Amino acid sequence: MEKETRQRLERLTQQARRLLEQEFREQLEGRYDILLDGRIPLTPGAHLSPRERVLWDKLVAAVAHKRSQGITAAAAVAAYLREAAFHTLNRFVALKMLEARKLVQACISRGEDSAGFKEFIALAPGLVALPDKGYRLYVETIFDEIAQEVRALFDRRDAATLLWPRRQALLDLLAALNDPEVASVWGEDETIGWVYQYFNGEDERRQMRAESQAPRNSRELAVRNQFFTPRYVVQFLTDNSLGLTWCEMRGGDTQLAHLDYLVKPEGGFEERAPKDPRDLRVLDPACGSGHFLLYAFDLLAGDPTRSFFGIYEEAWRAEAAAKSEVTGRTLKEDYGSELALRRAVPELILKHNLHGVDIDPRAAQIAGLALWMRAQRAYKDHKIAAQDRPPIGRTNIVTAEPMPGDRSMVAEFASTLRPQVLGELFQRMVEEMRLAGELGSLLKIERALQSAVAKAREQFLREQRESQKFLPGLDRPRNPQLEFDLSGVSDESFFDSAEERIVQALQQYAAGAPASLSVRRQLFAEDAAQGIAFIDLCRKHFDAVLMNPPFGYAPESFRPVIGERITDIDALFVSRGVELLEGHGRLGVITNRTQLMKPALADFRTEHLQSTSRMLVCADLGSGVLDALVETAAFVVERDRVADGAYFLNALGDRDKQASIRTAVGASQARPVDVQSFRAIPGNRFAHWIEPDLLNLFSKVPPLEKDCAVSFGLSTTDNFRFMRLRWELDPQVVVRFGQAASGWVPIAKGGEYSPYVGDIHLAVDWRQRGAALRAMPGAPIRNEHVYGKPGLTFTKRTASAFAPRVLPAGCIVEVNGPSIQFSRPSPARLFQVLGVLLSRVSSYLTE
């Protein structure tokens, strides 16, 4: 989608958000007495009709449900308002997209003049007596029909659908959606993803970043990282993970060997044991609107309009095919004709192959809708009539969120489970899931649950052994200090199905809820079932993990779970993604480029890019890829990889990065680089552009640090108080360090580009040996032992080149103007090293 088109779509999205939030705000406060400050009356107002009283009960229950997550009353109302506006906008955007694909009859393009609505009222002419002539009922009927397959977005039982825009607001919304300026976007698969990103404006993101360097909660984490992944990056990562894996399973005999962005190994494709396509699993652990999963669908389903068969059809046509773990038979044994296969493939892909997780339920809704629409397009491409298409009941898109926070509901449900250990396991589950809404896929919930079940099983076996010491009828009474109450458990096999028993009990619990508590219990049961679906997904392993994870520092709330070793959230996602891979599975990620270069991530690179998992291919992209001020790199790593060679494509200085990567792949310009060779570079930086001969210098030539040391100096924390330009001072009060206890001393503080030599134009207050400075809190006087000594200095941060210069004797050094001191100091040595550091070779190696 072109930038100008995206800008029009952004304006539409923001306009619709303002319109809907204003409309629903007026309804909540003006009609239902639910105030934005969180105040809600104990009973519905007398002015409400019987129907509105029922609606009031549901609105209050929805707000209370959000409050149970630990937020204030005002925040709960604001969250509901935002969710209702977004949900409504998404549903109408979805209808526009479905209209463009002819999956529904024209229903909103001309509003009440739509052909579909005219047919509807012709069947029920009495509807014209309603205030809106029955238009709301018509649209909701369409929602109900679609909800049979896409429940997440269109289910009218969802609390976010309780409000409906009044007539003028609805007409304004339809007018905005039907604006000719955006008419071209509705046929694009990625439109719903851009709407998701643009719903939260850039002003809101800037404010969040200004208030806190790291996200403070799950919503901030989601909003700050809503950046759509360009299609060519998605293709590059998917082609070199899922695509390459299938090429190896087919020995190169596949149409996927000619994918646009597949980097072909120099020695040809390695051999890999084949799998039935139904056993290939793909995960996006931060799926957003599902862009990676949509392209993975393309590779699996194929495209008959381009005579591209796809993985399923190639496997069906193969003479020797693997049997499925699902059915124990090959595809051809299960589907006797191509027509039968093509009729089944879209549902098979969504049921078995594609999995996604997101902390934002809105993203999960959109991803599920996008995959459903892609499946419908596949049916259409294969000329499968609508009446012959099998219903797609669900997708494997899961929201990572805490288990229900309502403690009374948790205890009530747990008390209904039998045997009692199931209730104890459920409560353990709820406790472990408390950070799921922020950690998402990073939460290793499967380990915690496995540990709890294993402990219960171990206790059971221990009690079994102990009970054998007693005569029949004289069983030992239960010890109340034991961790679990295992009464009613008679067989070890019980623990194999403990989680499934809890799920079944949840479903029965929701179905049997009394009318007075049905909304509250339904919300509770749905959240708990979602949490268990998340646990089930985390217990799987995948052939390909693909993602554009959040960037930046992890929130403080992560610390108890993730520890202190890695603080970059995108690096944490790579580490977690590797854990979720099958043996020799592949992870593709677009991430902050610091993962290749940042010294603090040197150990991360050693562990995940050079050891148990190793880099396979990397496109070093730099800036201008995402709608964010961040430099990026896109790379693929393979778990349990043996070979050290990785293919690097350098697009750092290119304006058209897509063309650059495509050209490099097509011309086979990439050559493998031994990733182990980067260990010789200080900080284990992946400086892949260095020529081999120069790279070898890092291992052959001793580092300069053997003969010198870099020392950072003091930091005043208040330069206006403690520093002066030297010409502002009486020359008599400016003294060399060590010359006198009282005076102002010249200080090296970096400065402009000035190689070889530069003026020391500042002085620092060092009267009484810096007594005033020493009294300042947080103003450390570092490395005082180098003050006054001659050496070299440089500017710590600069947009220019590294430019060391002479540091005269008698100066103090500041944190931004470090000092280089030599173990064997002499004027000759100082100038020799200065000349070397400013040489072209040294500048190249420093870069």
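Above this text you will find the structure in question.
Each chain has its residues counted from 1, running along the sequence as written. The predicted origin of the model limits local features to residues at a pLDDT of at least 70 and limits the giving and counting of side-chain atom pairs to 80 or more, whereas totals for whole chains, interfaces and linings rest on all residues. Side-chain descriptors were evaluated using all non-hydrogen atoms of the structure, hydrogens and water having been removed beforehand.

**Overview of the overall build of the protein**
- Labels follow the DSSP assignment, with helices taken as runs of H or I lasting at least four residues and strands as runs of E lasting at least two, numbered in each case from the N terminus. Helix and strand counts for the protein stand at 32 helices and 17 strands.
- If one aligns the C-alpha atoms of the protein with their principal axes, the spans along those axes are about 100 × 85 × 75 Å.
- Relative accessibility decides the category of a residue: with a 1.4 Å probe and only protein chains considered, values under 20% of the type maximum give buried, values over 50% give exposed, and everything between is partly exposed. Counting every position in the protein, which comprises 847 residues, the buried fraction comes to 53%.
- Working definition of accessibility: Shrake-Rupley area with a 1.4 Å probe, residue cover restricted to the visible protein chains. Summing over all exposed atoms, the protein offers an accessible surface of approximately 38900 Å²; the carbon and sulfur share of this is 51%.
- Residues scored as positive are Lys and Arg, those scored as negative are Asp and Glu, and His as well as the terminal groups of each chain are ignored. Charge placement uses NZ in Lys and CZ in Arg. For Asp and Glu, CG and CD serve respectively. Of the side chains in the protein, 108 bear a positive and 111 a negative charge, and the two mean positions are spaced by 3 Å.

**Notes on the packing of helix H1 (residues 3–30) against helix H8 (residues 191–199)**
- Note on geometry: axes are lines fitted to C-alpha atoms, helical ones only across the stretch in contact, with angles between N-to-C directions running from 0 to 180 degrees. At a closest axis distance of 9 Å, the pairing of H1 and H8 adopts a crossing angle of 60°. The angle between the axes of H1 and H8 places the two elements in the oblique class. Here H1 runs over H8; the crossing is right-handed. Across the interface between the two elements, Arg 6, Leu 9, Glu 10, Thr 13, Gln 14, Arg 17 and Glu 21 from H1 touch Thr 191, Trp 194, Val 195, Tyr 198 and Phe 199 from H8. Relative orientations are named as follows: roughly parallel for angles under 35 degrees, roughly antiparallel for angles over 145 degrees, roughly perpendicular for angles from 65 to 115 degrees, and oblique for any other angle. Whether a crossing is left-handed or right-handed is set by the direction in which the near helix is turned from the far one by less than a right angle, anticlockwise for left-handed and clockwise for right-handed. Throughout, a residue-residue contact means that at least one pair of heavy atoms, one from each residue, lies within 4.5 Å.

**Things to note about the pattern of salt bridges**
- Basic side-chain nitrogens of Lys or Arg form a salt bridge, by our definition, when they fall within 4 Å of a carboxyl oxygen of Asp or Glu. The final tally for this structure, using the stated rule, is 47 salt bridges.
- Here Lys 323 ties to Glu 333 by a salt bridge, and the two come within 3.5 Å at their closest N and O atoms. Of this pair, Lys 323 sits in the loop between helix H13 (310–317) and helix H14 (331–334) while Glu 333 sits in helix H14, and the two are ten residues apart along the sequence.
- Looking at Glu 333, the relative accessible area reads 47%, which means it is partly exposed.
- Notably, a salt bridge pairs Arg 641 with Glu 638, separated by 3.7 Å at the nearest N-O pair.
- Among the residues examined, Arg 641 registers a relative accessible area of 9% and is labelled buried.
- A single network of salt bridges, built from pairs that share partners, joins Glu 248, Arg 272, Arg 586, Glu 638 and Arg 641.

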